[in-house]
Amino acid sequence: MKKVFKVIAGWLGVFTLPYLIRKWTEEEGFKGEITMLNISSNKDVGYYLIPGLTPQTDDSYRELFQPKKYDFNIVRSSHQDYDLDAMATTIGYHTEHLGYKTIRLISVGLGDQILTLLDYVLRDKIHSDKVEVFVIDGIPSLDFIAEKERRLFHLLEPGVMSLRILGGWLSEIPFLSINKVWKSPAELIEQLSSLNLDYTQDDIVGCVKAVLKNGEAFYQPDNIDRLLDLTYNFNDDEDEDEPGCKIYYNYLGKPADLSDDITQKGITNVLKDLRWTF
């Protein structure tokens, strides 16, 4: 029994306690990074890609979007945590510093959660129609997940978060490879746990131009139309006061997998319709 106690005490002291001390003492702020896939002297348009759980390599992004004309930025979360507020604030400062006339955001999967927060930091540009958003398989809240998966998530989430805390700094080591991109357990756990935070009390933004939905995987089929309407300002009957975004369905593609050929074709078709050039 004493050996078990020593092992537990040792684990808490070596891995968990340094993590807790850092969390208590560190300053708030974005610990990830914004990297530029393409740099241009033309600041008329600035693109930002916000990946979710399944990021791709830079080569994959470059092949899909082929950025040449404008700046193309990728917002990468930290391996230590997933702080959406800090991420949104950093994007706001970044756009202001570079002086883009128009900002175009592409969010993928869980990356969609940041849009509500950007509504605050980019409010002036949003109200002047200088922000445009293309959502790919957005999952802004648990409401979008089918009931069976949602119950399982609620059941597992507290235990998984406890393991993340007990793992301490050890959980922040990026040893998990997803689509050839290294991620840490802490990053993945906190991304998923952020689904429990309610970022969808209001419409995400009034500047969502298109939503590409690749099928019913994880989505709640009975409520999807209502959720799209409430969350993305999707309206069948568009009017000048509240124009709705367009919803594109691409059932054969894999959800949020930008490397899938069918998904790539769907994205390309939407971008053509939006008349976005990179």
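Everything that follows concerns the structure shown earlier in this document.
The paragraphs below set out a description of the structure included in this document. (Residues numbered from 1 in each chain as written. Predicted model: local features only at pLDDT ≥ 70, side-chain atom pairs only at ≥ 80, totals over all residues. Heavy atoms only, no water.)

## Observations concerning the overall build of the protein chain
- Counting its regular elements, the protein chain contains nine helices and nine strands.
- In terms of overall dimensions, the protein chain is globule-like: its C-alpha atoms have a radius of gyration of 20 Å, near the 19 Å expected for 278 residues.
- Its C-alpha atoms put the protein chain at 70 × 45 × 35 Å along the principal axes.
- Buried residues in the protein chain amount to 49% of all 278 residues.
- A separation threshold of at least 6 residues defines the contact pool for the protein chain, and within that pool the share at least 24 residues apart is 80%.
- Roughly 14800 Å² of accessible area belongs to the protein chain as shown, and the carbon and sulfur atoms make up 55% of that amount. (Helix = DSSP H or I, 4+ residues; strand = E, 2+ residues; numbered from the N terminus. Rg over C-alpha atoms; globule rule 2.2 N^0.38 Å. Buried < 20%, exposed > 50% of the residue type's maximum accessible area, 1.4 Å probe, protein only. Contact = heavy atoms within 4.5 Å. Areas by Shrake-Rupley, 256 points an atom, 1.4 Å probe, with all protein chains shown as cover.)

## Quick word on the packing of helix α6 (residues 147–167) against helix α7 (residues 185–193)
- Packing of α6 against α7 brings their axes to within 10 Å, and their N-to-C directions diverge by 145°. Like other packed secondary-structure pairs, α6 and α7 cross with a definite hand, here left-handed. Counted together, F153, E157, V160, M161 and R164 of α6 and A186, I189, E190, L192 and S193 of α7 form the full contact between these two elements.
- For the contact of α6 with α7, a count of residues per class yields six nonpolar, one polar and three charged. (Axes fitted to C-alpha atoms, helices over the stretch in contact; angles between N-to-C directions. Left-handed = near helix turned anticlockwise from the far one by under 90°. Nonpolar A, V, L, I, M, F, W, Y, C, P; charged D, E, K, R; others polar.)

## Brief notes about the packing of helix α3 (residues 84–98) against helix α4 (residues 114–121)
- Orientation of α3 relative to α4, taken along the N-to-C sense of each, is 45°, at an axis distance of 9 Å. Here α3 is positioned oblique relative to α4, judged by the angle of their axes. For α3 against α4, the interelement crossing comes out right-handed. Here L84, D85, M87, A88, T89, I91 and G92 of α3 come into contact with α4, specifically with I114, L117, L118 and V121.
- A breakdown of the residues in the contact of α3 with α4 according to their chemical character gives eight nonpolar, two polar and one charged. (Parallel < 35°, antiparallel > 145°, perpendicular 65-115°, else oblique.)

## Considering the nonpolar core
- Judged by nonpolar contacts, the single largest core of 40 residues is most densely connected at I91, L105, I114 and L118.
- Top element by residues in this core is α3. It accounts for five residues.
- Those residues in contact with L118 that lie beyond four places of it in its chain are I50, A88, I91, L105, R123 and I126.
- By size, the runner-up hydrophobic cluster in this structure holds 25 residues, among which are Y47, Y61, V108 and L274. (Core = buried A, V, L, I, M, F, W, Y, C linked by side-chain atoms within 4.5 Å.)

## Brief notes about the pattern of salt bridges
- Counting across every chain of the model gives 16 salt bridges.
- Residue R62 pairs with D59 through a salt bridge whose shortest N-O separation is 3.3 Å. Of this pair, R62 and D59 both sit in helix α2 (residues 58–65), three residues apart, which is roughly one turn of the helix.
- Exposure remark for R62: the relative accessible area of 37% places this residue in the partly exposed category.
- Among the ionic pairs, R104 bridges to E132, the shortest N-O distance being 2.8 Å. Taken together, the residues R104 in strand β4 (residues 102–108) and E132 in strand β5 (residues 131–136) connect sequence positions 28 residues apart. Each of the two residues, R104 as well as E132, counts as buried.
- By sharing partners, the salt bridges in this structure join R22, K23, E26, K31, D81, R164, E172 and E190 into a single network. (Salt bridge = Lys/Arg side-chain N within 4 Å of Asp/Glu carboxyl O.)

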